[in-house]
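Below are the chains, spelled out letter by letter.
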Amino acid sequence: MSASAKLPPFDAADPLGIDDLLDPEDLAIRDTVRSWAADRVLPYIADWYEKGELPGIRELARELGSIGALGMSLTGYGCAGATAVQYGLACLELEAADSGIRSLVSVQGSLAMYAIHRFGSEEQKQEWLPRMAAGEVIGCFGLTEPDHGSDPAAMRTHAKRDGDDWVLSGRKMWITNGSVAGVAVVWAQTEDGIRGFVVPTDRPGFSAPEIKHKWSLRASVTSELVLDDVRLPATAVLPGVTGLRGPLSCLSHARYGIVWGAMGAARSSFETALEYARTREQFGRPIGGFQLTQAKLADMAVELHKGILLAHHLGRRMDAGRLRPEQVSFGKLNNVREAIEICRTARTILGANGISLEYPVMRHATNLESVLTYEGTVEMHQLVLGKALTGLDAFR
Ligand SMILES: Cc1cc2nc3c(=O)[nH]c(=O)nc-3n(C[C@H](O)[C@H](O)[C@H](O)COP(=O)(O)OP(=O)(O)OC[C@H]3O[C@@H](n4cnc5c(N)ncnc54)[C@H](O)[C@@H]3O)c2cc1C
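Residues numbered from 1 in each chain as written. Predicted model: local features only at pLDDT ≥ 70, side-chain atom pairs only at ≥ 80, totals over all residues. Heavy atoms only, no water.

What to know about the UniProt feature "domain: Acyl-CoA oxidase/dehydrogenase middle" (unreviewed entry) in the protein chain
Keep this limit in mind: UniProt positions are given in the numbering used here, feature names are shortened, and annotations may be inferred rather than shown by experiment. Numbering of helices and strands starts at the N terminus; helices are DSSP runs of H or I of at least 4 residues and strands are runs of E of at least 2.
In the UniProt entry, the feature "domain: Acyl-CoA oxidase/dehydrogenase middle" (unreviewed entry) is given for residues 140-230. End C-alpha to end C-alpha, residues 140-230 measures 16 Å, and it is 0% helix and 52% strand.

Written out as structure tokens, the structure reads:
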């Protein structure tokens, strides 16, 4: 028997054999999330996207809670206690359906719940985390303001002491889940520096008008947060952190999920293009038989699976407690940029059909325009890496 006869067959879905790195529990979690998305998102997503809405978001959140996808890698308080790799696999499967669904899960788990889990008091954790893990309460994370995005240190939202209470004032912008949230984690200036506040959204003075007319992440709720002298008890502040380190460490956790998620959008677009190339005929043969199409497919496959391998590597580092924020920037910069490129190339393979919502490709490409900007723009991650490489700060 020749050596090659013992080799496993080439698998177009996993050309590098990355699945060999996964154990049965990883595969089971991936299958659960994939089949949930196939049942509950894929049949409806084009319609939601076209209408620019996410109907039944509360029901979807409860279902995501029931499969353990909310606050998935956190421990205790009803959270699944999954590994970072397992959380990443879930993000990939959710974003293969739509970036809006992955955003719902990222903001809930990696931003709002993570902030409370890492920096909250025991009382705050008990009050919010079990209901958030179950999807009974949706959370949002308010950092960005109309005039302060990439430079959140300059934020104007502020909290002042009034006796034992805090009074919170300001505006936040582009807040995912804002108008459906039961609780908002809001970052504000105080006398002691930036602090996080856990704000029940039914407090007088809090409102969250929805932002309309988006051409990206259309199946996701995005809102302003208006904080008009919102009075909060002394216990509303997150006691465990002061300064920008608080929100930045939450963002690092969420960005890690995006490193995986972006590859989900890319995988969906690649698979669509591959199937199309096999079946669409021009000049008397499948377009996949033309060298130019094969070059596109080969390059897409290389970037897709390199990106998944990179995500896996970062996941293992996170599980080992060795993942640096610069490494997360490396992954977010590369994988989102390459995912958009894969979607754009897939779109060309589909020709005119590439612009139709009948296929997922253009939807993924336009979604990724938001993913490219939020959680640190491409330029911010280039500056993070540039600073780490040179030792020189080029932010200002
Ligand atoms: C759909 C969506 C959902 C979002 N969800 C949330 C959320 O849930 N919570 C939240 O807090 N925020 C959220 N955001 C906001 C997002 O994080 C910000 O949009 C992002 O941080 C960029 O800020 P900005 O839009 O104000 O752009 P700006 O900071 O104004 O940047 C504009 C451009 O200038 C570049 N730039 C800025 N400074 C420099 C520099 N020093 N050097 C070089 N280039 C620079 C940027 O890279 C960018 O290209 C969301 C955004 C979107 C689109």
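Still more ground to cover, so stick around.
Concerning the packing of helix α7 (residues 245-279) against helix α8 (residues 291-319)
Under the convention used in this document: To obtain each axis, a line is fitted to C-alpha atoms, and for helices this fit is confined to the stretch in contact; angles are then taken between N-to-C directions over 0 to 180 degrees. To sort the angles, those under 35 degrees are grouped as roughly parallel, those over 145 as roughly antiparallel, those from 65 to 115 as roughly perpendicular, and the leftovers as oblique. By the definition used in this description, the sense in which the near helix is turned from the far one sets the handedness, with an anticlockwise turn below a right angle giving left-handed and a clockwise turn giving right-handed. Residues are sorted three ways: Asp, Glu, Lys and Arg are charged, Ala, Val, Leu, Ile, Met, Phe, Trp, Tyr, Cys and Pro are nonpolar, and all the rest, Gly among them, are polar.
Two elements in contact, α7 and α8, have axes separated by 10 Å at closest approach and are oriented at 155°. The orientation of α7 relative to α8 falls into the category roughly antiparallel. By crossing handedness, the relation of α7 to α8 is classed as left-handed. Here the contact of α7 with α8 is composed, by residue class, of 17 nonpolar, five polar and two charged.

Notes on unusual backbone geometry
Definition in use: Burial classes follow relative accessibility: with a 1.4 Å probe on protein chains only, a residue under 20% of its type's maximum area counts as buried, one over 50% as exposed, and anything between as partly exposed.
At Tyr-77, a position not held by glycine, the phi torsion is positive, near 55°. Looking at where Tyr-77 falls in the secondary structure, it is placed in the loop between α3 (57-66) and α4 (84-97). Positive phi, close to 60°, is recorded for Glu-375, a residue that is not glycine. By the element assignment, Glu-375 lies in the loop between α10 (361-373) and α11 (378-390). Among the residues examined, Glu-375 registers a relative accessible area of 11% and is labelled buried.

What about the site of the ligand?
For clarity, the cut-off: The near set for a molecule or strand comprises every residue that places at least one heavy atom within 4 Å of it. For the purposes of these results, a polar contact is taken to be a pair of N or O atoms within 3.5 Å, where, inside protein, one atom must be able to donate a hydrogen and its partner to accept one; residues adjacent in sequence count only when each atom of the pair is a side-chain atom. Residue exposure ignores everything except the shown protein chains as possible cover, and the areas themselves are Shrake-Rupley values with a 1.4 Å probe. Note that the domain bounds were set by an automatic or database domain assignment.
Every one of the 18 residues lining the ligand counts as a neighbour, but Thr-144, Ser-150, Trp-174, Thr-377 and Glu-379 are closest to it. One of the backbone nitrogen or oxygen atoms of Leu-143 is found 3.0 Å away from an oxygen atom of the ligand. The protein chains hide 67% of the 980 Å² of surface that the ligand would expose on its own. Residue assignment for the shell around the ligand shows that the elements contributing at least two residues are β3 (165-176), α10 and α11. Counting residues domain by domain, the shell around the ligand receives three or more from each of domain 2 (139-236) and domain 3 (245-390).

So, the UniProt feature "domain: Acyl-CoA dehydrogenase/oxidase N-terminal" (unreviewed entry) in the protein chain
Those residues carrying the UniProt feature "domain: Acyl-CoA dehydrogenase/oxidase N-terminal" (unreviewed entry) are residues 24-136 in this numbering. A helix fraction of 72% and a strand fraction of 0% characterise residues 24-136, whose end C-alpha atoms lie 30 Å from each other.

Considerations on the packing of aromatic side chains
This is how it is decided: Pairing of aromatic rings covers Phe, Tyr and the six-membered ring of Trp, with a centre-to-centre limit of 6.5 Å; geometry is then stacked below 30 degrees between planes, edge-to-face above 60, and tilted otherwise. A positively charged side chain is recorded as over a ring if its NZ (Lys) or CZ (Arg) lies within 6 Å of the ring centre. The angle to the ring normal must also be within 35 degrees.
A complete count under the given rule lists six aromatic pairs for this structure. One cation-aromatic arrangement involves Arg-161 over Trp-166; the distance from NZ or CZ to the ring centre is 4.3 Å. Cation over ring: Arg-218 sits above Tyr-49, and NZ or CZ is 6.0 Å from the ring centre.

Notes on the domain arrangement of the protein chain
Counted only if it meets this: Here, residues are in contact when the closest pair of their heavy atoms is within 4.5 Å. The working definition used for a salt bridge is a side-chain nitrogen of Lys or Arg within 4 Å of a carboxyl oxygen of Asp or Glu.
Parsing the protein chain into structural domains produces domain 1 (18-133), domain 2 (139-236) and domain 3 (245-390). If you average the C-alpha positions of domain 1 and of domain 3, the two centres end up 20 Å apart. Taken together, the contacts link 31 residues of domain 1 with 35 residues of domain 3. One can count two salt bridges joining domain 1 with domain 3. Here Arg-267 and Glu-93 are joined by a salt bridge, their closest N and O atoms 2.9 Å apart. At the surface where domain 1 touches domain 3, the tally comes to 13 residue pairs in polar contact (both at pLDDT 80 or more).

Quick notes on the pattern of salt bridges
Scanning all chains against the criterion turns up 20 salt bridges. The partner of Asp-19 in a salt bridge is Arg-30, with the nearest N and O atoms 2.9 Å apart. With Asp-19 in the segment before α1 (24-40) and Arg-30 in helix α1, this pair connects stretches of sequence that are eleven residues apart. The class of Asp-19 is partly exposed, set by a relative accessible area of 28%. Among the salt bridges present, the one from Glu-303 reaches Lys-306, with a minimum N-O distance of 3.0 Å. Pair noted here: Glu-303 and Lys-306 are both in helix α8, with a separation of three residues, about one helical turn. Through salt bridges with shared partners, one network takes in Arg-34, Glu-93, Arg-267 and Glu-271.

Regarding the state of the cysteines
How we decide: Only a pair of cysteine sulfur atoms within 2.5 Å counts as a disulfide in this structure description.
Scanning all chains against the criterion turns up zero disulfides. Counting only cysteine sulfurs, Cys-140 is the nearest neighbor of Cys-250, a cysteine outside any disulfide, at a range of 13 Å. Judged by its relative accessible area of 0%, Cys-250 falls in the buried class. Summary of cysteine pairing: Cys-343 is not part of a disulfide, and the nearest cysteine sulfur, belonging to Cys-91, is at 17 Å.

A few points about the pairing of strand β4 (residues 183-190)
Operational definition: Should DSSP find at least two bridges between two strands, the strands are regarded as paired.
Counting buried positions along β4 gives seven out of eight residues, so the element sits mostly inside the fold. Judged from the four bridges that link them, strand β1 (residues 139-142) and β4 form a sheet pairing that is parallel. Opposite Phe-141, over in β4, you have Val-185 as the bridge partner. One ladder, built from eight bridges, connects β4 with strand β5 (residues 193-200); its direction is antiparallel. Bridging from a neighbouring strand, Ala-184 pairs with Val-199 of β5. Between β4 and β5, which pair antiparallel and follow one another directly, the connecting turn spans two residues.

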